[in-house]
Each structure stands twice: as C-alpha cells, then as structure tokens.
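Structural description and commentary
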Amino acid sequence: MSQRILIVLTSHDDLGGVERTGYYVPEAAHPWEIFRKAGFEVDVASVRGGEPPQDGYDPEDPAQVAFVASPEQRDTARLADVDASRYDAVLYAGGHGTMWDFPDDPDVIRVGREVYERDGVVAAVCHGPAALVNLTLSDGSYLVAGKRVAAFTNTEEDLRGVSHVVPFLLADTLVSRGAEHRPGETWQAQVVVDGRLATGQNPASAAPLAERVVELLAERRA
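Below or above, wherever it landed, is the structure these notes cover. Quantities reported herein were computed from a predicted structural model and do not represent experimental measurements. (Residues numbered from 1 in each chain as written. Predicted model: local features only at pLDDT ≥ 70, side-chain atom pairs only at ≥ 80, totals over all residues. Heavy atoms only, no water.)

1. A few points about the packing of aromatic side chains
- Taken as a whole and assessed by the stated rule, the structure comprises 4 aromatic pairs.
- For the pair Y92 and F102, a centre-to-centre distance of 5.7 Å together with 70° between the ring planes defines the contact as edge-to-face. Note that Y92 is positioned in strand β8 (residues 89-92) and F102 in the loop between α4 (98-101) and α5 (106-117), a separation of 10 residues in sequence. Across the pair, F102 and Y92 agree in class, each one buried. (Phe/Tyr/Trp six-rings, centres within 6.5 Å; stacked < 30°, edge-to-face > 60°. Helix = DSSP H or I, 4+ residues; strand = E, 2+ residues; numbered from the N terminus. Buried < 20%, exposed > 50% of the residue type's maximum accessible area, 1.4 Å probe, protein only.)

2. What about the pairing of strand β1 (residues 4-9)?
- The buried fraction of β1 is high, at 6 of 6 residues.
- Sheet topology note: the β1/strand β5 (residues 41-46) ladder contains 6 bridges and is parallel. Each bridged residue has a counterpart across the sheet, and for I5 the counterpart in β5 is V42.
- Relative to β8, β1 runs parallel, the two being bridged by 4 bridges. Bridge pairing in β8 links L6 to V90. (Pairing = 2+ DSSP bridges.)

3. Some details on the pairing of strand β13 (residues 197-200)
- Judged by which residues are buried, β13 turns out to be covered on both faces: L197 and T199 on one side and A198 and G200 on the other are all buried.
- In this structure, strand β9 (residues 121-125) lies alongside β13, joined through 4 bridges in parallel fashion. Within β13, the residue paired with A123 across the bridge is A198.
- The pairing of strand β12 (residues 191-194) with β13 spans 4 bridges and is classified as antiparallel.

4. Topic: the packing of helix α1 (residues 25-37) against helix α8 (residues 206-221)
- Two numbers describe how α1 lies on α8: the axes approach to 8 Å, and their chain directions differ by 35°. Crossing hand, α1 versus α8: right-handed. Facing α1, whose interface residues are P26, E27, H30, P31, I34 and F35, α8 presents A206, A207, A210, E211, V213 and V214.
- Residues of the contact of α1 with α8, tallied by class, amount to 9 nonpolar, 1 polar and 2 charged. (Axes fitted to C-alpha atoms, helices over the stretch in contact; angles between N-to-C directions. Left-handed = near helix turned anticlockwise from the far one by under 90°. Contact = heavy atoms within 4.5 Å. Nonpolar A, V, L, I, M, F, W, Y, C, P; charged D, E, K, R; others polar.)

Structure (structure tokens):
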C-alpha cells in the first residue's frame, strides 16, 4: 500500500487589517510536487475547506501553476472531515494566515496528534509551525516540548514589517512551549529534524523540508 501525506492550508485571508494573506503557495506547491514525484499519495485540506486564500503566488513557477490548478487545491477537504488515520505524514504549510486560524483549531491539533501518535511524521514550514504552538499529545504535553525546531524567526518577521501586526511571535511562542528554536541565516534554508518532527524556517526551506519528510518515511517503511 502506498504511503499517503496530507498538506494542511490556512483559510484565513486577513493579515491584521494591513493586507490580504492566506497560505504561501510555494510552501505547499513545492512539497506537493516532491511528494508526488517520490510516489506518495497526496491530499490537501484547509481549515474551512473549499478554495483557500493564496499569498506569494508566482505564475512563472511551473510547480505553483500546477498546484493552484489542481482539483485538490481548488476544492480542499475541510479539515474537520479528514480521517487522520489514513496518513503517514502531515505537513502544515505556512503563510501568515496560519497565525490566526492554526493555533486554536481543534482539527489542526487533532490531525497532528493522531498522525504523530500513530508513529507518523509531523512537518511544518515557515509560519506553519503555528499549528504546533497548542498541539498537545494525549498525555497533555506539548508535542514540541524538549524538541529542536525551526520556524519563521523574529528577525524575518521584523524584516517583513509585520511584527506589530501578527498576534504573537512564532519563535518565541514555540520556546514558551518548551521547544528549542534553532534559527538559521535570514531567508536561507534551515530544516531541523528531531525524531518524527520536521520543521523549516521560511519559504526557502519548503523543498528541503519535503525531501527530509520523504527520507523519514522511507526509514519508517524500511
């Protein structure tokens, strides 16, 4: 039986009244392409289902063009309807929208917990680790507690000019949950793997993160 990966997207489209936002397209499109080429079944879900709001779309990038045109992106499954037991891995893609709807969504938490506790891989990139800030395991502990993670840094948030707009600083909040934040160079790829938790810092990290997920799943299958 082929392994199956779920990509989870935000449904939130308002960056604190400053501008429109959503999921950051390359952070979903590049992993989607890598997973499919590696032979995985890939499904896409969003918090509210349907066609999710986009940010950062580059029409010159064939992977992004293919992803946004795909039936699974145009009509994503509603996360509440997703059976997490079907998946060997879940990837929470980034985009500033995640900072509003990922942290407290019960199904964002449920899917991550169930995949992880079934010995699956949980991955998140850029602002996607917003899914991890309140993700607790069945024993009540935070998934990230005691684990090394990467996420969008305070410096990158400052350079993006929205530190005063986002509801919290992602790196600081993960640290407050017991994680060890491992920042890399600004805007450069940084992927951190700790057991079955794989995280990436920024858009440049999306493809290398996906490649690490493929490796982790290959090790799991061996």
